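Listed here are the chains, written in short residue letters.
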Amino acid sequence: MAEKILMKGNEAIAYAAINCGCDGYFGYPITPQSEVMETLMKEKPWETTGMVVLQAESETSSINMVYGGACCGKKVMTSSSSPGISLMCEGISYLAGAELPCLVVNVMRGGPGLGTIQPSQGDYFQTTKGGGHGDYRNIVLAPASAQDMYDFVDLGFELAFKYRNPAIILGDGVIGQMMEKVELRPAKARRTDEEIKKLCASWATIGKTADRKANTITSLALEADVQERFNIKLQKKYAEIEANEVRYSTYKTEDAEHLIVAFGCMSRICENVVELAREQGIKLGLLRPITLFPYPKAAIDALVPQLKSIMSVELNAGQMIEDIRLISNGRVPVNFYGRQGGMVPSPEEIFEAFIKTIK
Amino acid sequence: MDIKDIIKPENKVYGKTPLLKDAILHYCPGCSHGTVHKIIAEIIEEMGIQDRTIGISPVGCSVFAYNYLDIDWQQAAHGRAPALATATKRLMPDKYVFTYQGDGDLASIGTAEIMHACNRGENIVVIFINNAIYGMTGGQMVPTTLLGQVTATTPYGRQADLNGYPLKITELIAQLEGTCYVTRQSVQNPAAVRKTKKAIRKAFENSMMKKGTSFVEVVSTCNSGWKIPPVQANKWMEENMFPFYPLGDMKDR
Amino acid sequence: MALKGAIVVDTERCKGCSVCIANCPTGTIALSKEVNSKGYNYLYMANPDNCTGCTNCATVCPDAVITVYRVKL
């Protein structure tokens, strides 16, 4: 029987990092996610697995430390919350542009600006559309439980290395702070120098040996046609990710006439909304995207013919709804309910809003 | 004696190091970058550490350093090289890790990163090319630009009340406990080149002795930015920059 | 013991910056009146007999275009 431990979502990130053989964490304190680094410091993994844990002087420095570590073929990560992630966006663009694998955790808080420390989902645009400059995407995983926070660290690294692209765990303050039972997974050792050489010698900066040309990690191109060819290569990569890595779950959608789409903590609250509707004989179902990029377009598209309405429920002013509207493409009305600033709605509040949309 | 008798392989006393790739340097004629690149390449060759050295290039004219020195390179965002170097050295402590940064990169946008990497005493080498100007972007003022110096953004000469004072960042860095070797050199004549080579060699050796950060500033010229030809630019540097940025070791633990 | 030297210049890569000339102690080198394919006047030994192979020129050259040879007489 696997061990289950009661822990916060933020703590789960830290334990999972050590457990899955992460080589380095570089971070900066910011509410509501400072427990990630605090837990790592308490665990002292440098004494057990040799993992490097370093508090940087800023988020800007953190993401650039991640960049340097990623250049070396190492499993490296950082975590922050909304304003800090904004600071990291330059670095994330560079990581994507240099085709480097890494994991970034965003425990979202209310914005814009300094905002609040209470939870939000206001960084959906930023995270799923890139966030920094240029045409790139992040692989985005949306946890809805402390277990997800734990499991998505290993999954995030797998996907990041599979595609040589940044992966982002887009949690919200609720998931980061709530305490739940988390089942621990079998530990993975940190990769040895030989394993890294085998996996990454074609691109990583691990020391130019006589058997190969020097590796350069850069995102710079002086000629426009070179840069275009690189962008086309990136787009092919994203198409591959969209074809292969979609993850989502459904709740009572088989006979649904109305659909709620919600991610993260909102997906759990909306399960109760489905129950409230069903009690009144309304055939409501829920689709929870687990990957926000790639987005479960085909899954929603397949449901459209049977639906009379879709509602996007988010802790923001309406971001994911735009993606759903694109999928619906005018076939079915797509409505919205959301709260901002950290005001988390109750199932009853959402249900009332839903009823209004179908009257 | 006929010249044919002198030019024989056995008589060769100095040539281009194989650690410099075949690519033609894009730098302007007389640019100090080329000389410093050459020095670093010779050191890596002499120490036999090509397979164990990681260079980190900045944004600036020398962003393309990776085209010239035949080692693995990481190209960093503007000012961020010390952060990359921090992670690289901590994750691969058996490698020689150095950053190569200009004055706009290190002393302007990258001030936080260099201060904190040095404050943490990262076991890296920092090569700081100070020519008092942003070269790549067309000759604008940098924090190390001298008072009265004319640049693209100080067309009437730098004024203290508008732009503050030239930043002696190396002196600030020398005060940090985490640094073990802080020195200021130049490359405008053979004696200076040899001193710089000694300094950078010492810095490389330090980085494996867990003594902290070695910081080598090379006061340099920017012929295009200053709009002075190379030989005269070296003279201008000696007459104007050396008095303000004096050469020599500030710290050597 | 006298030293006798000579240099070989990669004339195509020389940019005519003249820092080498400013540092030659024997007045051996000068800029040629010819230009290379980039349009730079390149370095050449104007007074080859003066060369002692001191390597000053090659040491300061930013483009590593000079190879130095030396014999002891």
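The sections below set out a description of the structure shown in this document.

### Regarding the overall build of chain C
Point 1. Scanning chain C from N- to C-terminus turns up two helices and four strands.
Point 2. Expressed as lengths along the three principal axes of its C-alpha atoms, the size of chain C is roughly 40 × 20 × 20 Å.
Point 3. Classification of the 73 residues of chain C by burial places 47% in the buried group.
Point 4. Contacts in chain C between residues far apart in sequence, at least 24 positions, make up 64% of those at least 6 positions apart.

### Focus: the overall build of chain B
Point 1. Along the backbone of chain B there are 10 helices and eight strands.
Point 2. Over its C-alpha atoms chain B spans a radius of gyration of 18 Å, differing by no more than 12% from the 18 Å that the globule rule assigns to 253 residues.
Point 3. Restricting the contact set of chain B to residue pairs at least 6 apart, pairs at least 24 apart contribute 67%.

### Structural notes on the sheet that holds strand β7 (residues 166–172) of chain A
Residue and element names in this part refer to chain A.
Point 1. Taken in spatial order, the seven strands line up as β3-β2-β4-β5-β7-β6-β13 in an open sheet, and their pairing is mixed. Pairing within the sheet leaves two strands with one partner each, and these edge strands are β3 (52–55) and β13 (291–293). Here the average twist between neighbouring strands, direction ignored, is 20°.
Point 2. Relative to β13, strand β6 (residues 139–141) is paired through two bridges, and the arrangement is antiparallel. From the neighbouring strand, Val140 faces β13, where its bridge partner is Phe293.
Point 3. Along the sheet, helix α2 (residues 35–43) makes contact with β2 (24–27), β3, β4 (76–80) and β5 (102–108), crossing β2 at roughly 135°.

### Let's talk about the interface of chain B and chain C
Interfaces are often sized by the amount of accessible area the parts lose when they come together.
Point 1. Opposite the 28 residues of chain B that make contact, chain C presents 27 residues.
Point 2. Broken down by secondary-structure element, the contributors of at least two residues to the side of chain B that touches chain C are α1 (3–6), β1 (12–14), α2 (32–47), α8 (190–206) and α10 (230–244) of chain B.
Point 3. In terms of residue count, α2(B) provides more of the side of chain B that touches chain C than any other element does, four residues in total.
Point 4. Counted by class, the side of chain B that touches chain C contains 16 nonpolar, eight polar and four charged residues.
Point 5. Relative to strand β4 (residues 66–72) of chain C, β1(B) runs antiparallel, the two being bridged by two bridges. Each bridged residue has a counterpart across the sheet, and for B:Lys12 the counterpart in β4(C) is C:Tyr69.

### Looking at the interface of chain B and chain A
Point 1. Listed as interface residues are 28 residues of chain B and, on the opposing side, 31 residues of chain A.
Point 2. Elements supplying a minimum of two residues to the side of chain B that touches chain A: β3 (72–75), α3 (81–91) and α5 (111–120) of chain B.
Point 3. Looking at side-chain class alone, the side of chain B that touches chain A contains 14 nonpolar, six polar and eight charged residues.
Point 4. In terms of strand pairing, strand β9 (residues 216–217) of chain A meets β3(B) through two bridges, oriented parallel. Directly across from A:Ile217, in β3(B), lies its bridge partner B:Gln74.

### A short note on the sheet that holds strand β6 (residues 179–186) of chain B
Point 1. With mixed pairing, the eight strands of this open sheet are ordered in space as β9(A)-β3(B)-β2(B)-β4(B)-β5(B)-β7(B)-β6(B)-β8(B). Looking at which strands have only one partner, the edges of the open sheet turn out to be β9 of chain A together with β8 (248–252) of chain B.
Point 2. Of the pairings in the sheet, the one linking β6(B) to β8(B) comprises four bridges and is antiparallel in character. By the bridge assignment, B:Arg184 is partnered in β8(B) with B:Gly248.
Point 3. Against the sheet, α2(B) contacts β2 (53–57), β5 (125–130) and β7 (213–219) of chain B, and its axis sits at roughly 160° relative to β5(B).
Point 4. Its contacts with the sheet place α3(B) against β2, β3, β4 (96–102) and β5 of chain B, and it is angled at close to 180° to β4(B).

### A few points about unusual backbone geometry
Residue and element names in this part refer to chain A.
Point 1. A cis amide bond links Thr31 with the next residue in sequence, Pro32, at an omega value of 10°.
Point 2. Inspection of the secondary structure assignment puts Pro32 in the loop between β2 and α2.
Point 3. In this structure, the amide linkage connecting Gly111 to the following residue, Pro112, adopts the cis form with an omega of 0°.
Point 4. Assignment of secondary structure puts Pro112 in the loop between β5 and α5 (124–128).

### Observations concerning the pairing of β3(B)
Residues and elements named next belong to chain B.
Point 1. Side chains of β3 alternate between two faces, with Asp72 and Gln74 and Trp73 and Gln75 buried alike.
Point 2. Pairing of β2 with β3 involves four bridges; the strand directions are parallel. Counterpart to Ile54 in the pairing with β3 is Asp72.

### A closer look at the packing of helix α10 (residues 265–279) of chain A against helix α13 (residues 347–358) of chain A
Relative orientation and spacing of two packed helices are given, respectively, by the angle between their axes and the distance between those axes.
Residues and elements named next belong to chain A.
Point 1. The N-to-C vectors of α10 and α13 enclose an angle of 55°; their axes lie 9 Å apart at closest approach. Between α10 and α13, the crossing angle belongs to the class labelled oblique. Note on packing geometry: the crossing formed by α10 with α13 is right-handed. Along the contact surface, α10 presents Ile269, Cys270, Asn272, Val273, Leu276 and Ala277, while α13 presents Pro347, Ile350, Phe351 and Phe354.

### Brief notes about the packing of α3(B) against α5(B)
Residue and element names in this part refer to chain B.
Point 1. Viewed as axis vectors pointing N to C, α3 and α5 meet at an angle of 35°, and their least axial separation amounts to 7 Å. Contact residues: α3 offers Pro82, Ala83, Ala85 and Thr86, while α5 offers Glu113, Ile114 and Ala117.
Point 2. Of the residues assigned to the contact of α3 with α5, the class counts are five nonpolar, one polar and one charged.

### A short note on α8(B)
Owing to its 3.6 residues per turn, the α-helix brings residues three or four apart onto one side.
Point 1. The first and last C-alpha atoms of α8(B) sit 24 Å apart over 17 residues, in line with the 24 Å expected at 1.5 Å per residue.
Point 2. Burial in α8(B) covers these residues: B:Ala192, B:Val193, B:Thr196, B:Lys197, B:Ala199, B:Ile200, B:Ala203, B:Phe204 and B:Asn206.
Point 3. Against the buried residues of α8(B) lie α2, β4, β5, β6 and β7 of chain B together with α2 (56–60) of chain C.

### Structural notes on the arrangement of the chains
Point 1. In this assembly, two pairs of chains are in contact, and the pair with the greatest number of contacts comprises chains A and B.
Point 2. As for chain C relative to chain A, no contact occurs, and the smallest C-alpha gap between them is 20 Å.

What counts and how
Residues numbered from 1 in each chain as written. Chains lettered and ligands numbered in written order. Predicted model: local features only at pLDDT ≥ 70, side-chain atom pairs only at ≥ 80, totals over all residues. Helix = DSSP H or I, 4+ residues; strand = E, 2+ residues; numbered from the N terminus. Buried ≥ 20, exposed ≤ 12 C-beta atoms within 10 Å, placed from the backbone. Contact = placed C-beta atoms within 7 Å. Rg over C-alpha atoms; globule rule 2.2 N^0.38 Å. Pairing = 2+ DSSP bridges. Axes fitted to C-alpha atoms, helices over the stretch in contact; angles between N-to-C directions. Nonpolar A, V, L, I, M, F, W, Y, C, P; charged D, E, K, R; others polar. Parallel < 35°, antiparallel > 145°, perpendicular 65-115°, else oblique. Left-handed = near helix turned anticlockwise from the far one by under 90°. Expected span 1.5 Å × (residues − 1).

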